[in-house]
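Tertiary structure, described
Read off the chains here:
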Amino acid sequence: MARLIRTISAFALLVSGTVVTVADAQTFPTDDPVVQQIWAEGMENSQTYALAQALLDSIGPRLPGSPGNDAAVEWLLAKYEAWGISARKEQFGTWRGWTRGVTHIDLIAPRVRTLEGTMLAWSPATNGAVEGDVVVFPDLPNEAALHSWLPTVQDKFVLLSFPEPTCRPDQVWAELATPESFERLQQAREAGRRSWNQRFSNVGARRSTEVIAAIDQAGALGIFVNKVFSTQTQHIPALDLSCEDYGLVYRLAENGQAPRVRLNAESEDIGERPVFNVIAELRGTEKPDEYVVLSAHLDSWDAASGATDNGTGTTMMLEAMRVPGRSPRSNGRPTRIVQSRQRDLADRLPQGPGTDRCRRVFWCLVLEASARDCATHRAGYPWYPWPWQRPHGVHVCRRARFSTSVSLP
């Protein structure tokens, strides 16, 4: 946390128009009282903990199209208003609206145990508690065998992820195991994953989503995986089970010990909803044609509080705006922050006569993302989220004098 606060304080000095290193700032080679005030505000009156606590504990996950994401947008606007910083929200489109309710899942045979699991984002609900046996997606020889197997999943839950042989992180094995046993584990795990993925190829599926769609239509009660992202089902719930509990249920099913599960999963599809970027700006007067651009995406997946992805980046950017905003002197360069889902920062810079938007960026700092967040485009091409999707002529803003992408631990 102290390192994060020092980074914010040093960056706030950059925003103010004073370029110093952290080491220089700590020894104060300048008598400028504004620089000293900014450093003291960041180091002695940091608000990062309070900001993070409110965002992550109270608002929580910020899935696009969800009430949580809407609440985060309004919270940001209220914070900027309280600090006297100009801010607005800009709609960039719509998103499938969804909100989760209670999820409760129990193993009821061959013994009773409450399992740790959560619905994947945008998952359908169960409409009350349902019970069913659990089966493993089998190793089938071909597509015809898949069509013969599908009717057997009626009123059952299907396991669709590779069961990890261990739930301990590799660094623990590297520390405690012998080199030989750790190597055997890695080799066995990689072989197991390849074999599991081959199950989908054997039945003619280019990806697992094709098998999921078939199971979704075949009358299954739901699917269980060991990976937290979004569902590919339209009619049945999809749940992530914790690594340990997924392994337990898988071993019971694989060994013919008839695991049976009771599930109650609540969610609501709330239709297409508008989604927004939040744009805040500190006006500069000394160098109005140069911009410092900050970015951290506000949205998150729904299964947790969205702390590392990307609450840390959001709170750091908030603090980087708050600290220089308390300076009695106008900052040297305009500073614009984009807290968003759609990430095309160059388009958030105003047009200027005879100037290229990209050239006007003095520094572009992106928290938990990549340099593509500083992308601009020519000839009217739209924004493309991945480099391989960009047509010729779409490029990264390498002409900014400084461009930094940081992933926080």
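In the block above lies the structure referred to throughout.
Reference entry: report on the structure contained in this document. (Residues numbered from 1 in each chain as written. Predicted model: local features only at pLDDT ≥ 70, side-chain atom pairs only at ≥ 80, totals over all residues. Heavy atoms only, no water.)

For helix α4 (residues 48-59), built from 12 residues, the straight-helix expectation of 16 Å at 1.5 Å per residue is met to within 8% by its first-to-last C-alpha distance of 16 Å. Buried within α4 are the following residues: T48, L51, A52, L55, L56 and I59. Looking straight down α4, one finds its buried side chains confined to an arc of 115°; they lie on one side. Away from its buried face by more than 90 degrees, α4 exposes Y49, D57 and S58. At the exit of α4 stands G60, carrying a positive phi of roughly 80°. (Helix = DSSP H or I, 4+ residues; strand = E, 2+ residues; numbered from the N terminus. Expected span 1.5 Å × (residues − 1). Buried < 20%, exposed > 50% of the residue type's maximum accessible area, 1.4 Å probe, protein only. Arc of directions from axis to C-beta.)

This next bit is on the packing of aromatic side chains. Enumeration according to the criterion identifies nine aromatic pairs in this entry. An angle of 80° between the planes, with centres 6.2 Å apart, marks the rings of W122 and W301 as edge-to-face. With a gap of 179 residues between them, W122 in the loop between β3 (117-119) and β4 (130-136) and W301 in the loop between β9 (291-296) and α11 (307-325) connect regions that are remote in the sequence. The class for W122 is buried, based on a relative accessible area of 10%. Classification of W301 by relative accessible area gives partly exposed; the value is 33%. Ring centres of F137 and W149 lie 5.5 Å apart, and the angle between their planes is 65°; this geometry places the pair in the edge-to-face category. Residue F137 is located in the loop between β4 and α6 (143-149), and its partner W149 is located in helix α6; the two are separated by 12 residues in the primary sequence. Classification of F137 as buried rests on a relative accessible area of 0%. (Phe/Tyr/Trp six-rings, centres within 6.5 Å; stacked < 30°, edge-to-face > 60°.)

Attention now goes to the pairing of strand β1 (residues 86-109). Two elements, β1 and strand β8 (residues 260-282), share 20 bridges in a ladder whose sense is antiparallel. What sits directly across from L107, in β8, is V261. As paired elements, β1 and strand β2 (residues 113-114) share two bridges and run antiparallel to each other. Opposite L107, over in β2, you have R113 as the bridge partner. (Pairing = 2+ DSSP bridges.)

What follows deals with the pattern of salt bridges. Per the counting criterion, the structure on display carries 16 salt bridges. The closest approach of N and O atoms between D302 and R100, which form a salt bridge, is 2.4 Å. Here D302 is found in the loop between β9 and α11, whereas its partner R100 is found in strand β1, with 202 residues between them in sequence. For R100, a relative accessible area of 25% puts it in the partly exposed group. The partner of R193 in a salt bridge is E190, and the shortest N-O contact between them spans 3.2 Å. With R193 and E190 both in helix α8 (residues 179-202), this residue pair falls three residues apart, about one helical turn. (Salt bridge = Lys/Arg side-chain N within 4 Å of Asp/Glu carboxyl O.)

In the contact formed by helix α3 (residues 33-44) and α11, the axes pass within 9 Å of each other and the chain directions differ by 135°. One way to sum up the angle between α3 and α11 is to call them oblique. Crossing handedness for the pair α3 and α11: right-handed. Where α3 approaches α11, its residues I38, E41 and G42 are matched on the opposing element by R322, V323 and P324. Of the residues that constitute the contact of α3 with α11, the class distribution is three nonpolar, one polar and two charged. (Axes fitted to C-alpha atoms, helices over the stretch in contact; angles between N-to-C directions. Parallel < 35°, antiparallel > 145°, perpendicular 65-115°, else oblique. Left-handed = near helix turned anticlockwise from the far one by under 90°. Contact = heavy atoms within 4.5 Å. Nonpolar A, V, L, I, M, F, W, Y, C, P; charged D, E, K, R; others polar.)

A few words now on the state of the cysteines. Taken as a whole and assessed by the stated rule, the structure comprises one disulfide. C167 shares a disulfide with C243; S-S distance 2.0 Å. The S-S bond linking C167 to C243 shows a torsion near -85°; that makes this disulfide left-handed. Placement of the pair is C167 in the loop between β5 (156-159) and α7 (170-176) and C243 in helix α10 (residues 243-254), with a sequence separation of 76 residues. A relative accessible area of 31% places C167 in the partly exposed class. With relative accessibility at 22%, the residue C243 sits in the partly exposed group. (Disulfide = S-S within 2.5 Å.)

The pairing of β4 with β5 spans four bridges and is parallel. Bridged to V135 within β5 is V158. Taken together, β4, α6 and β5 form a β-α-β motif whose crossover is right-handed. Relative to strand β6 (residues 222-225), β5 runs parallel, the two sharing three bridges. Residue pairing in the sheet places F157 in a bridge with G222 of β6. (Right-handed = clockwise from strand over helix to strand, strands pointing away.)

We now examine unusual backbone geometry. Look at the link from A109 to P110: it is a cis peptide, with omega at 5°. Residue placement: P110 occurs in the loop between β1 and β2. Of note, the bond from D309 into N310 is cis; its omega dihedral lies within 30 degrees of zero at 10°. Within the element layout of this structure, N310 appears in helix α11. The backbone of W122 sits at a positive phi, close to 65°, despite the residue not being glycine. Phi angles above zero are rare outside glycine, and A258 is one such case at about 50°. Here A258 shows up in the loop between α10 and β8.

Any functional reading would require information that these geometric values do not contain.
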